Amino acid sequence: MTLHAVVESVTQRVIERSRASRSAYLQLIERERERGVDRPQLSCGNLAHGFAAAGEDKASIRAGGAMNIAIVTAYNDMLSAHQPYGRYPDQIKLFAREAGVTAQVAGGVPAMCDGVTQGQPGMEIGLFSRDVIALSTAVALSHGMFEGAALLGICDKIVPGLLIGALRFGHLPTIMIPGGPMPSGLGNKEKQRVRQLYAEGKATREQLLEVEAASYHTGGTCTFYGTANSNQMLMEVMGLHIPGAAFVNPGTRLRQALTRAAVHRLAAIGWRGEDYRPLGRCVDEKAIVNAIVGLLATGGSTNHAIHLPAIARAAGIVIDWEDFDRLSAVVPLIARIYPSGSADVNDFHAAGGMPFVIRELLGAGLLHRDLLTVGGKDLGDYACEPTLDSEALLWKDAPVQSRAEAILRPAAAPFSVDGGMRLVSGNLGRAIFKTSAVKPEHWTIEAPARVFFDQDQVLTAFKAGELDRDVVVVVRFQGPRANGMPELHKLTPSLGVLLDKGFKVALVTDGRMSGASGKVPAAIHVVPESINAGPIGKLRDGDVVRLCAERGELSALVDSALWAARDIAPAPPPATGTGRELYAFMRHGADGAEQGASAMLSAASL
């Protein structure tokens, strides 16, 4: 199938914009492959330290003839998604020996859960945990003991952080190994219903807790299609998983077989063989464009409008929100997964999942097939479903038809002809509007603003009945430099109540919404942020704001002379406690959300 003209033009736009930085990156990883730190260059003391506790792998690591795989793990047993990783290192070491190679746990990275910190002070360090994870990954890989890497991570900031760190060691063959989603519990729609009842004072805390516990009930990722599960989709369309690995449940024979296959595959693509596949070559401009297309086609998390630019920068690639917007105009929405529908990721997987999505998008000319993937000859190998035949792991073609068209549709008959992520701009700046979960009748709103400095102020006003009207709720000083750019998902139930009452309601913020951004129209990630003299800081209560996805508009309908004369509102003092003061250097150095909101990448001139 011929590549779609817009996908081709956006790809060329990215290639041209990235020409100098990508060239510098490729030169870096070539130097690191030829002259960087590795086992042959280590002194005897260095090397002895590195294999001292390696047990039965000691002799092989000492001899240096076989690949040694770095395991970088985000395991902890507080997060359901990462709890299954506890046993992976021992399994990976066994699988490595089967393939004639070795593996060591090179390091651990923190794994912070937005589900636990949502609406709490800890959320203000959540985005910056991505850079901490990248730095931790770099520490793990810095020892020169390894010729490949297995990255164990699945959730919101963890996968982007692992990738950003590993890309600076892009000469190493690297495979992402997921853990899979937990089996389905209480349906997400019922959970949302009780959350709104609680917001209205019509359900008790114990009733709400019972519902939440029935939804988040065992090991594995949450089953809604938020940032964590969007991560796994991205790894498939970028070709960084073993094909079909994204949404197989933990603790199953198939999940273990896929992990085993990943380790064997990593051994096969090392630099001493004839099929060397370094991570920095796999993550190229085409892979990044594929990631955006996959995000749009499945209604994925808006958090990736921040994470993908940061991942791309780590590989010398420069993208912006206009790339998302241009692609969204031609990429059809072919999946409906909660919050864009009622189904969860297990339902999506059963309907055909990522193999069906990839087959359909390749057939429509919307994905680049000719990627250097970790798992096959090209991306076409990812349009296959893994299965076990007795003990043998096999792949079969994706289903010709969706097994549930209320969840998954062919590209020729989509839920929507566009990808549902719009760039909106005007005299308030630039922002992202995720339309895929919002009914079209709510895509345009024009209403008076009510301005707040944090989400708790919004909830206080809601409980007092002050928002029972047409209103654009503005929450500013929520950007990366102001307070770390927390998600404002705690507002969703309350704003949803107002919408259900028939009011015209929207949210405008320089902060983030959850990866599970729902039915309320929202202009998020506004840049420039208010603390950087962004014009959102000029808004006053009562100013009429227009948000329109159709026209791509985000404007304050204020006389231009009056608008120009207005001062930016003063910023509130920085918060302390819960470790937030330790991240002051990251806040002060962070660049804009459209660039990835990273002090680390900015300081490195990447």
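Just above, that's the structure.
Quantities reported herein were computed from a predicted structural model and do not represent experimental measurements.

What counts, and at which threshold
Residues numbered from 1 in each chain as written. Predicted model: local features only at pLDDT ≥ 70, side-chain atom pairs only at ≥ 80, totals over all residues. Heavy atoms only, no water. Helix = DSSP H or I, 4+ residues; strand = E, 2+ residues; numbered from the N terminus. Rg over C-alpha atoms; globule rule 2.2 N^0.38 Å. Buried < 20%, exposed > 50% of the residue type's maximum accessible area, 1.4 Å probe, protein only. Contact = heavy atoms within 4.5 Å. Areas by Shrake-Rupley, 256 points an atom, 1.4 Å probe, with all protein chains shown as cover. Lys, Arg positive; Asp, Glu negative; His and termini not counted. Charge placed at Lys NZ, Arg CZ, Asp CG, Glu CD. Phe/Tyr/Trp six-rings, centres within 6.5 Å; stacked < 30°, edge-to-face > 60°. Lys NZ or Arg CZ within 6 Å of the ring centre and 35° of its normal. Expected span 1.5 Å × (residues − 1). Polar contact = N/O pair within 3.5 Å; in protein donor to acceptor, adjacent residues only side chain to side chain. Salt bridge = Lys/Arg side-chain N within 4 Å of Asp/Glu carboxyl O. Pairing = 2+ DSSP bridges. Right-handed = clockwise from strand over helix to strand, strands pointing away.

A.B. asks: Please explain the overall build of the chain as it appears in this structure.
C.D. replies: The secondary structure content of the chain amounts to 24 helices and 14 strands. Rg of the C-alpha trace for the chain: 24 Å, near the compact-globule value of 25 Å for 606 residues, within the 12% margin. The principal-axis extent of the C-alpha atoms belonging to the chain is close to 75 × 50 × 50 Å. Burial analysis of the chain (606 residues in total) assigns 61% to the buried set. Look at the contacts in the chain between residues 6 or more apart in sequence, and 77% of them connect residues 24 or more apart. Total accessible area on the chain stands at roughly 21900 Å², and carbon and sulfur atoms take up 53% of it. The average position of the 60 basic charges and that of the 62 acidic charges among the side chains of the chain differ by 1 Å.

A.B. asks: For this particular structure, what's the right way to read the environment of Gly-552?
C.D. replies: Positionally, Gly-552 belongs in the loop between β13 (544–548) and β14 (553–556). The class for Gly-552 is buried, based on a relative accessible area of 17%. For the pair Gly-552 and Gly-426, spaced 126 residues apart in sequence, the C-alpha separation works out to 8.5 Å. In this view, Gly-552 contacts Leu-423, Val-424 and Ser-425; residues no more than four positions away in its chain are not counted.

A.B. asks: Can you walk me through the packing of aromatic side chains in this structure?
C.D. replies: The description of an aromatic ring pair rests on the distance of the ring centres and on the angle between the ring planes. A complete count under the given rule lists three aromatic pairs for this structure. A ring pair is formed by Phe-247 and Phe-348, whose centres lie 5.9 Å apart and whose planes are at 80 degrees; its orientation type is edge-to-face. Of this pair, Phe-247 sits in the loop between α11 (227–237) and α12 (253–268) while Phe-348 is found in helix α17 (residues 345–351), placing the two residues 101 residues apart along the sequence. In this structure Phe-247 comes out as buried when scored by relative accessible area, which is 1%. Seen from their ring centres, Phe-453 and Phe-477 are 5.7 Å apart, and the 15 degrees between their planes marks the pair as stacked. Of this pair, Phe-453 sits in the loop between β9 (444–452) and α19 (455–463) while Phe-477 is found in the loop between β10 (471–475) and α20 (480–483), placing the two residues 24 residues apart along the sequence. Residue classification places Phe-477 among the buried residues on the basis of a relative accessible area of 4%. Taking NZ or CZ as reference, Arg-33 lies 5.9 Å from the ring centre of Tyr-276, over its face.

A.B. asks: I'm lost on helix α18 (residues 353–363) in this one. Help?
C.D. replies: An α-helical turn contains 3.6 residues, so any two residues separated by three or four positions project in the same direction. The buried count for α18 comes to nine of eleven residues, which makes it a mostly enclosed element. Those residues of α18 lying buried are Gly-353, Met-354, Pro-355, Phe-356, Val-357, Ile-358, Glu-360, Leu-361 and Leu-362. Contacts from the buried residues of α18 go to α11, α14 (285–298), α17 and β5 (384–389). Of the residues trailing α18, Gly-365 is marked for its positive phi of about 70 degrees.

A.B. asks: I tried to follow α14 on my own but got confused; where do I start?
C.D. replies: For α14, with 14 residues, the first-to-last C-alpha span of 20 Å sits near the 20 Å given by 1.5 Å per residue. Buried residues dominate α14, accounting for 13 of its 14 residues. Residue Asp-284 occupies the N-cap position of α14, its side-chain oxygen lying 3.2 Å from the main-chain nitrogen of Lys-286. Just downstream of α14, Gly-299 is the residue with a positive phi angle, here 70 degrees.

A.B. asks: How do you make sense of the environment of Gln-41 when you look at a structure like this?
C.D. replies: With respect to the helices and strands, the residue Gln-41 is situated in the loop between α2 (19–35) and α3 (44–51). Since its relative accessible area comes to 47%, Gln-41 is described here as partly exposed. Along the chain, Gln-41 and Leu-423 lie 382 residues apart, while their C-alpha atoms are 49 Å from each other. Every residue in contact with Gln-41, bar those within four places of it in the chain, is listed here: Arg-35 and Gly-36. A polar contact of 2.8 Å, which involves the side chain of Gln-41, links it to the backbone oxygen of Gly-36.

A.B. asks: How should I be thinking about unusual backbone geometry in this particular structure?
C.D. replies: As a rule of thumb, non-glycine residues mostly have phi less than zero, and peptide bonds are mostly trans rather than cis. Backbone torsion omega between Tyr-338 and Pro-339 reads 20 degrees, so that peptide bond is classified as cis. In this structure, Pro-339 sits in the loop between α16 (321–328) and α17. The residue after Val-527, namely Pro-528, is reached through a cis peptide bond having omega -5 degrees. Inspection of the secondary structure puts Pro-528 in the loop between β12 (522–527) and β13. The residue Thr-578 is not glycine, and still its phi comes out positive at about 55 degrees. As for its position among the elements, Thr-578 is in the loop between α22 (560–565) and α23 (584–589).

A.B. asks: In this structure, what is going on with the pattern of salt bridges? I would like to understand it.
C.D. replies: When the charged atoms of two side chains with opposite charge come close together, those side chains can pair. Taken as a whole and judged by the stated rule, the model has 36 salt bridges. Note that Glu-385 is salt-bridged to Arg-403, the shortest N-O span being 3.1 Å. Of this pair, Glu-385 sits in strand β5 while Arg-403 sits in the loop between β6 (392–397) and β7 (421–426), and the two are 18 residues apart along the sequence. Judged by its relative accessible area of 47%, Arg-403 is partly exposed. The partner of Lys-519 in a salt bridge is Asp-500, and the shortest N-O contact between them spans 2.9 Å. Here the residue Lys-519 occupies a position in the loop between β11 (505–509) and β12, and Asp-500 occupies one in helix α21 (residues 492–500), the gap between them amounting to 19 residues. For Asp-500, a relative accessible area of 52% corresponds to the exposed category.

A.B. asks: How do you make sense of the pairing of strand β2 (residues 102–108) when you look at a structure like this?
C.D. replies: Remark: a regular strand shows side chains that alternate across the two faces of the sheet. With respect to burial, β2 is a largely interior element, five of its seven residues being buried. Looking at chain direction, strand β1 (residues 68–73) and β2 are connected through six bridges and run parallel. Among the inter-strand pairings, Val-72 is bridged to a residue of β2, identified as Gly-107.

A.B. asks: I keep staring at the pairing of β1 and nothing clicks. Help me out?
C.D. replies: Within β1, six of the six residues are buried, which leaves it mostly tucked inside the rest of the structure. Taking every second residue as pointing to the same face, both faces of β1 are buried, with Asn-68, Ala-70 and Val-72 on one and Ile-69, Ile-71 and Thr-73 on the other. One crossover worth recording links β1 to the parallel β2 by way of helix α5 (residues 88–98), and it is right-handed. In this sheet, strand β3 (residues 148–152) lies alongside β1 in parallel orientation, the contact comprising five bridges. Residue pairing in the sheet places Val-72 in a bridge with Leu-151 of β3.

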